[in-house]
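Observations on chain architecture
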Amino acid sequence: MKRNKLIFYLIAAVVVIVIYQIMSSSLSQPGLEQFEGKYEELGFYRNENNTGPVVRVYAIRALDPSQEWMKEFADAQPHTKYGRTLVFFFSSELTEKVTLSPQEPFFPEEFQPFLLAQFEKTPMGEVRFLPVNQ
């Protein structure tokens, strides 16, 4: 009888430790707050199609020109299976809002000189990050 209680308490302790580890690692992951001060959203488009491919297009003013955070930021954006996520990074010189569309060109041509980089996550989940040579 004592042996059964000991085994029960050991199993219960292991379960509690595993649940604690899972919860603490899940809740301690960095979110978009790690990018604060590095960007400003200039525009966003999402199609209304919830039954088919979802297209998301973001226009971001990069306050920090480092391409490393741009890749990480873009990859952290929502993506739907078989959908498409596009993120366009513009220089800090661009101050006006950007009207986006789901087809190319995704933004007005007049903003092309301000483009620093673009990111795409394809319908199959492939990631493409293309810096634009200024």
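Residues numbered from 1 in each chain as written. Predicted model: local features only at pLDDT ≥ 70, side-chain atom pairs only at ≥ 80, totals over all residues. Heavy atoms only, no water.

Attention shifts here to the overall build of the protein chain. Helix and strand counts for the protein chain come out as 2 helices and 5 strands. Secondary structure elements of the protein chain occur, N-terminal to C-terminal, as α-β-β-α-β-β-β. Every one of the 134 residues in the protein chain was classed for burial, and the buried ones make up 29%. Relative to all contacts within the protein chain whose residues are 6 or more apart in sequence, the contacts with residues 24 or more apart total 55%. As presented, the protein chain carries roughly 9200 Å² of accessible surface, and 57% of it is formed by carbon and sulfur atoms. (Helix = DSSP H or I, 4+ residues; strand = E, 2+ residues; numbered from the N terminus. Buried < 20%, exposed > 50% of the residue type's maximum accessible area, 1.4 Å probe, protein only. Contact = heavy atoms within 4.5 Å. Areas by Shrake-Rupley, 256 points an atom, 1.4 Å probe, with all protein chains shown as cover.)

Moving on to a nonpolar patch on the surface. A cluster of nonpolar side chains, namely Ile7, Ile11, Val15, Ile19 and Met23, defines an oily patch on the protein surface of about 440 Å² accessible area. By the secondary structure assignment, Ile7 is in helix α1 (residues 2-27). On the basis of relative accessibility, which here comes to 40%, the residue Ile7 falls in the partly exposed class. (Patch = residues over 30% accessible without salt bridge, like charges linked within 9 Å, V, L, I, M, F, W, Y side chains within 5 Å. Salt bridge = Lys/Arg side-chain N within 4 Å of Asp/Glu carboxyl O.)

Turning to the nonpolar core, a few remarks are in order. In this structure, Val57, Phe88, Phe90, Val98 and Phe107 are the most contacted members of the largest nonpolar core, which totals 14 residues. Sorting the residues of this core by element identifies β2 (55-62) and β3 (84-90) as the ones contributing at least two each. Among residues more than four places away in sequence, those in contact with Val98 are Leu42, Gly43, Ala59, Phe107, Pro108 and Phe111. If you look at the next biggest cluster of nonpolar residues, it comprises 12 residues, including Tyr58, Ile60, Ala62 and Val87. (Core = buried A, V, L, I, M, F, W, Y, C linked by side-chain atoms within 4.5 Å.)

On to the layout of surface pockets, then. Empty space within the largest pocket amounts to approximately 260 Å³. Around the largest pocket sit 15 residues that line it, and Leu86, Phe88, Glu104, Phe106 and Gln118 are the ones nearest its centre. When residues of the lining of the largest pocket are traced back to their parent elements, those giving at least two are β3, β4 (115-121) and β5 (127-131). For the lining of the largest pocket, the element with the highest residue contribution is β4, accounting for 4 residues. Among the residues forming the lining of the largest pocket, the class breakdown is 8 nonpolar, 2 polar and 5 charged. (1 Å grid on protein atoms, 1.4 Å probe; cavity = no way out; pocket = protein on both sides within 12 Å on 5 of 7 lines; lining within 4 Å. Points joined across faces, edges and corners; volume = space filled by probe spheres on them. Nonpolar A, V, L, I, M, F, W, Y, C, P; charged D, E, K, R; others polar.)

Evaluation of the coordinates by the stated rule reveals 9 aromatic pairs. Centroid distance Phe73 to Phe89: 6.2 Å. Interplanar angle 70 degrees. Geometry classified as edge-to-face. With Phe73 in helix α2 (residues 67-75) and Phe89 in strand β3, the pair connects residues that are 16 residues apart, well separated along the chain. Classification of Phe89 by relative accessible area gives buried; the value is 0%. Taken together, the aromatic side chains of Tyr39, Trp69, Phe73 and Phe89 make up a single cluster linked through ring pairs. (Phe/Tyr/Trp six-rings, centres within 6.5 Å; stacked < 30°, edge-to-face > 60°.)

In this section: unusual backbone geometry. For the peptide bond that leads from Glu104 to Pro105, omega is -10 degrees, which places it in the cis range. Along the chain, the position of Pro105 falls in the loop between β3 and β4. With phi around 70 degrees, Tyr82 is a residue other than glycine that occupies positive phi space. Within the secondary structure layout, Tyr82 lies in the loop between α2 and β3.

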